[in-house]
Amino acid sequence: MLKNIYSEERQYMRSGDLLAWDQGRGGIFSRLTVAIIKLFTGSRYGHVGVVWVCSGRVFVVEASQPQVRLTPISSIKEFFYIPTRVRWRKKYEYFLLSKVGLNYSLGDCIRAYLGILNEKDNDRYQCAELACEFYKLTGILADSYYEPGCLVDAIIELRKSQPLLITNKVKL
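Residues numbered from 1 in each chain as written. Predicted model: local features only at pLDDT ≥ 70, side-chain atom pairs only at ≥ 80, totals over all residues. Heavy atoms only, no water.

**Describing the overall build of the chain**
Then step 1. Check the secondary structure of the chain and you find six helices and nine strands.
Then step 2. Looking at the chain as a whole, 48% of its 172 residues are labelled buried.
Then step 3. Across the chain, the fraction of contacts at a sequence separation of at least 24, relative to all contacts at a separation of at least 6, is 64%.
Then step 4. Carbon and sulfur atoms provide 54% of the accessible area of the chain, an area that totals close to 8,900 Å². (Helix = DSSP H or I, 4+ residues; strand = E, 2+ residues; numbered from the N terminus. Buried < 20%, exposed > 50% of the residue type's maximum accessible area, 1.4 Å probe, protein only. Contact = heavy atoms within 4.5 Å. Areas by Shrake-Rupley, 256 points an atom, 1.4 Å probe, with all protein chains shown as cover.)

**Remarks on the pattern of salt bridges**
Then step 1. Here the structure, examined in full by the defined rule, presents four salt bridges.
Then step 2. With a shortest N-O distance of 3.2 Å, E93 and K90 are connected by a salt bridge. In this pair, E93 and K90 are both assigned in helix α3 (residues 90-99), three residues apart and thus about one turn of the helix distant.
Then step 3. Since its relative accessible area comes to 62%, K90 is described here as exposed. (Salt bridge = Lys/Arg side-chain N within 4 Å of Asp/Glu carboxyl O.)

**Section: the nonpolar core**
Then step 1. By size, the foremost hydrophobic cluster in this structure holds 34 residues, and its most contacted members are L18, V48, I82, Y135, L141 and V152.
Then step 2. When residues of this core are traced back to their parent elements, those giving at least two are β2 (18-21), β3 (47-54), β4 (57-64), β6 (78-82), α3, α5 (127-138) and α6 (148-159).
Then step 3. Among the elements that make up this core, the one with the highest residue count is α5 (seven residues).
Then step 4. Core analysis: the second largest hydrophobic core is formed by 12 residues, W21, I76, Y81 and I166 among them. (Core = buried A, V, L, I, M, F, W, Y, C linked by side-chain atoms within 4.5 Å.)

**Quick notes on the confidence of the model for the chain**
Then step 1. Of all residues in the chain, 80% have pLDDT values of 70 or greater, and the mean over the chain is 86.
Then step 2. When pLDDT is averaged over each element of the chain, α3 comes out on top at 97 and helix α2 (residues 28-41) at the bottom at 63. (pLDDT = per-residue confidence, 0-100.)

**Concerning the packing of α5 against α6**
Then step 1. Between α5 and α6, whose axes approach to 9 Å, the crossing angle comes to 30°. Viewed along their axes, α5 and α6 adopt a mutual orientation that is roughly parallel. Taken as a pair, α5 and α6 cross one another with a handedness that is left-handed. In this structure, α5 contributes C127, A128, A131, C132 and Y135 to the contact, and α6 contributes P148, L151 and I155.
Then step 2. Residue composition of the contact of α5 with α6, grouped by class: eight nonpolar, no polar and no charged. (Axes fitted to C-alpha atoms, helices over the stretch in contact; angles between N-to-C directions. Parallel < 35°, antiparallel > 145°, perpendicular 65-115°, else oblique. Left-handed = near helix turned anticlockwise from the far one by under 90°. Nonpolar A, V, L, I, M, F, W, Y, C, P; charged D, E, K, R; others polar.)

**What about the packing of α3 against α5?**
Then step 1. Where α3 meets α5, the axes come as close as 10 Å, and the angle between the chain directions of the two elements is 160°. With respect to α5, the element α3 is oriented roughly antiparallel. In this structure, α3 meets α5 at a crossing whose hand is right-handed. Seen from α3, the contacting residues are K91, Y92, F95, L96 and K99; seen from α5, they are L130, E133, F134, L137 and T138.
Then step 2. Grouping the constituent residues of the contact of α3 with α5 by class yields six nonpolar, one polar and three charged.

So this is what it looks like as structure tokens:
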């Protein structure tokens, strides 16, 4: 797959777009968690987050150990970018930012895999749960997709988008 350079692609990124990872990008816990999710779900993707653009900066809002956080995309080595063409509204920003700082839930991750995630329990999140709730709020999703790969596949199908592999490595 062709790798696109972040510095050349960031101008096209919009709030509400989807990011996905096929490998962990932090410590051993992150790499192990993503590997286990991919193994059990049979998916290419093990982690997702939602783009938020603010004052010319591009961030991802993601549920990752230990909590929901904002991460500058410029600090991320490699990821998949899926345009969603969300018509951005202030209430979407409020939703995402109101979740920052809430705890990550490995238990929710396991319950999502088992198909027994309680949608009413919203004081902690796993990555696909947060992204799914966001895309349901925007009206893009009607159904619940609490596994990263299922969520990515649904967004790709519904928005007729293709994932771009983006890297922050310098072009040679």
